[in-house]
Amino acid sequence: MRWFTKLPPVLTFELSRFEFNQSLGQPEKIHTKLEFPQTIYMDRYLYCNKELIQMKREEIKRLKDKMVTLQQKLERYMEYGSGPARFPLPDMLQYVLEFVTTKPAVAGSSAQGSQTTLLHSQAKPHVLDVLSQPNGILETTDTGAEDGTCFLANSPPQQNSVMEIQPSVPPAELSERPAPHVVSEEELTLVQTCLQRWRNEIEQDVQDLKESIARINLSIEQMFLDPLLRQVPYHLHAVLVHEGQANAGHYWAFIYNQPRKRWLKYNDISVTESSWEELERESFGGLRNASAYCLMYISDQVSCVGADEDEGPEAEQIQKEVETLFPELRHYIQEDNWRLEQEAEEWEEEQSCKIPQMEPSPASESQDVSESGPDQASVCEPGVLSLSSEHARIAKEQTAKAIANTADAYEKKGVEAALFEPEEVEPLKAQPGETSLTVQAEQPQDSQEAEAAAQTSSQVSEVEIPSVGKIPVRSDADGYNEEVMLSPAMQGVILAIAKARQTFDRDGSEAGLVKAFHEEYSRLYLLSKETPTPQNDARLQHVLIYFLQNNAPQQVVERTLLEQFADKNLSYDERSISIMKVARAKLREIGPDDVDMEEYKRWHEDYSLFRKVSVYLLTGLELYQNRKYQESLTYLVYAYQSNTKLLLKGTSRGVNESLIALYRRKCLLKLNEVAASLFISCEEAHVSEGVSILNELIIPCMHLMNNFDISREDLDAIEVMRSHWCSYLGREDMDAKLQMKLGELLPRLLDSSTEVIMLKEPPKIRPNSPYDLCSRFAAVMESIHGASAVTVK
């Protein structure tokens, strides 16, 4: 056995995803599922922990041997019998108990009743004699349902003569359950007592064995969770994925971005934000022909260095380590870094050349001349001002004016004026200090200049922000994202900065950040305490409302709000830029001891799942109202399953479970009616469609619902659907081929607990912005109480 004395900063795991097929004479891709964690701990492989690890491995071996013994004992109970067919012993005792307690069918006439009484009186002494023997057993032999005649083993001839004169059993009694022909009260009491006691004892033994096995499993799983063995973490940094077969395919990679705290997907020239859920689907394998073939884990120290922006003692330490290298290696690293910088500069120049150019308006040209001075003006050539930068400048200036107007309205007239009476943005006027060239340039000189000005103004869109006012913003302006600017979170931050205007002007940017931070925190705290209504869920407006209602740690709440003030979209005036820079500086000061980033990530993943559940629920309700039951059921089922995970952590973590269950049940019943009507239509295409709906949607959904905590309403709905299909058995208007298909479907419909439940995942939906999601939620919740369907854009 080998041990590590020193670990490298990066661990690379190459997964064997190919094997050579001897029979075919060619390599094959292995698609077996392989799960890997986001964090691994290498303590158990270090030489310094050798003695402790060996002790724990011996303990695991002992526990596994004990667990094998317990599993063998449990198997004797669960597969009882001496023949080829084995059954659980508790169930067998229960079946015998049910048989003993079953009453025989009541005779159809008084004559039959008298004959039955005669039989009972004559057979009883014999039965008691048999039971009175040391190994007395009541033996019965049922000849079947052909002649309906019953015999008692070892019965005397006179009993046979009595039974032979009994009339045949009517057809109505053929469906009765088997029952003892003769049993006395004493016998019944004795057998019931013994069977019940034995069954209880065996069930207790089985339960004890299962609990012991579960405890051993838990002990094995937690064996290496010792805090002493979790001191050397390595975090998953990159996953290389291959899709296809051994001879062909496509490659892409997932890389974790430390500054953003997000996974990025690198697929050819496309780089997009991703998530751990998407990485799981595309990397673990087992479901499709895509799987990871290489994993890269980095040490905790390397990940902390990557999170910084080349600042701090870690960067200095790296520079010192580079200087200690051999001269040839150091020169190679410096040259390679220089080439990378040159490549980045060339790429930026190429991208800047792709930006469409425009002739500057006289106002902007003269203003540039007056502001830059004669020296700089002589260097600048006409027509080099890019369209995006020009509109970015206009947007920033007029946004700053809108924010200033909102701040004045707040100071003079209060919050309502700031929220509901935004002042119009006035056009920029020439200042007295500007040159005459600037003033003259503001006046249109000819039609060409007026057309250029009209073209400029036509591409600037006014954005109505409810809490701020009208802000002209271009969609491609630098540093602006219209969807983010319209979100309730950004509106609150902008208004908080406006309220902190006086503090900022008097005490500086840091005091302004503190004031704005407290203003926004107070607003969100009050929103979190408001009583929710059926048409309004405040948690959809802001992540912090969700956190506050679920008592998230204070460090998580504060860091999340601080990140709102560090958003790049706040670069619309000097005040907001200063506050944004202070917020970013404070974020860099927060260390791993201040905030548990794993816990921080889990809270944000929970909120992301909550929004996903809400979107799935709303989509399912809209589709249900438009009678698209197949699509609706898939969304509702996935919403319920994901919501259950959230509700395990707290009642306020997810959405209303009863609402999802209600419409899942309604949709399932409607879809079952559709499938049944298609099935009995006797047209081959319709029958196939009905069977497909049953197999792919209804049956998987029923078995997901049919668990230990199923509600009475869901159980009744399942019974209604099963009864509906069972009613088609023996119908004369259905041909034999259709009856055969029905016979194949019913076992899965009635009981498929051994099947693997696979439900098709719903189509992906682009997540709504918080503003749109709140409006959509209100519209859908209001419409489900009305009669008409809802359509939300």
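The present account deals with the structure reproduced in this document.

How each quantity is defined
Sequence positions are assigned chain by chain, starting from 1 and proceeding in written order. Whole-chain, interface and lining totals are the exception, using all residues; otherwise, since this is a predicted model, local features are given only for residues with pLDDT of at least 70 and side-chain atom pairs are given and counted only at 80 or more. Only hydrogens and water are set aside when side-chain values are computed; all heavy atoms of the structure are taken into account. Where helices and strands are cited, they refer to DSSP runs of H or I of at least four residues and of E of at least two residues respectively, numbered from the N terminus. Categorising residues by exposure relies on relative accessible area from a 1.4 Å probe, with only protein chains included: less than 20% of the type maximum marks a residue as buried, more than 50% marks it as exposed, and the intermediate range marks it as partly exposed. Under the convention used here, a 1.4 Å probe and the Shrake-Rupley method define accessible areas, while residue burial counts only the protein chains that appear. Multiplying one less than the number of residues by 1.5 Å gives the expected span of a helix. What makes a patch is a set of residues exposed beyond 30% relative accessible area and free of salt bridges, joined within 9 Å when like-charged and within 5 Å when nonpolar (Val, Leu, Ile, Met, Phe, Trp, Tyr). A pairing counts as a salt bridge when a side-chain nitrogen of Lys or Arg comes within 4 Å of a carboxyl oxygen of Asp or Glu. All tallies of charge rest on Lys and Arg as positive and Asp and Glu as negative; His and the ends of each chain are not included. Where a charge sits is defined by one atom per residue type, namely NZ (Lys), CZ (Arg), CG (Asp) or CD (Glu). Only protein atoms enter the calculation, which uses a 1 Å grid: trapped sets of points that fit a 1.4 Å probe without letting it out are cavities, open sets showing protein on both sides within 12 Å along at least five of seven lines are pockets, and any residue with an atom within 4 Å of a point is a lining residue. Grid points are joined across faces, edges and corners, and a volume is the space filled by probe spheres set on the points. For this classification, the nonpolar set comprises Ala, Val, Leu, Ile, Met, Phe, Trp, Tyr, Cys and Pro, the charged set comprises Asp, Glu, Lys and Arg, and every other residue, Gly included, is treated as polar.

### Some remarks on the overall build of the protein chain
Working step 1: When you go through the protein chain residue by residue, the secondary structure sums to 28 helices and 13 strands.
Working step 2: A total of 793 residues make up the protein chain; the buried ones form 36% of that total.
Working step 3: Of the roughly 47800 Å² that the protein chain leaves accessible, carbon and sulfur atoms contribute 53%.

### Some points on helix H20 (residues 554–565)
Spacing of three or four residues puts side chains on the same side of an α-helix, whose turn is 3.6 residues.
Working step 1: Its 12 residues place the ends of H20 17 Å apart at the C-alpha level, agreeing with the 16 Å of an ideal helix rising 1.5 Å per residue.
Working step 2: The set of residues buried in H20 consists of Val-556, Val-557, Arg-559, Thr-560, Leu-561, Leu-562, Gln-564 and Phe-565.

### Observations regarding unusual backbone geometry
Working step 1: Of note, Lys-261 is a non-glycine position whose phi angle comes to about 60 degrees, a positive value.
Working step 2: Among the secondary structure elements, Lys-261 is positioned in the loop between strand E8 (249–257) and strand E9 (262–267).
Working step 3: One non-glycine residue, Arg-627, adopts positive backbone phi at about 65 degrees.
Working step 4: Turning to its location among the elements, Arg-627 is positioned in the loop between helix H22 (597–625) and helix H23 (629–647).

### Quick word on a negative patch on the surface
Working step 1: A cluster of like negative charges, contributed by Glu-341, Glu-343, Glu-345, Glu-346 and Glu-348, occupies part of the molecular surface.
Working step 2: For Glu-348, the location among the structural elements is in helix H9 (residues 327–354).
Working step 3: What makes Glu-348 exposed here is its relative accessible area of 52%.

### Quick look at empty space enclosed by the protein
Working step 1: Tallying each qualifying case throughout the model produces 1 cavity of 30 Å³ or more.
Working step 2: By volume, the largest cavity is sized at about 30 Å³.
Working step 3: Together, Gly-492, Leu-495, Ala-496, Lys-499, Glu-519, Glu-520 and Arg-523 line the largest cavity.
Working step 4: Counting residues per element, the ones that place at least two in the lining of the largest cavity are helix H16 (488–499) and helix H18 (509–529).
Working step 5: For the lining of the largest cavity, the element with the highest residue contribution is H16, accounting for 4 residues.
Working step 6: A class-by-class count of the residues in the lining of the largest cavity yields 2 nonpolar, 1 polar and 4 charged.

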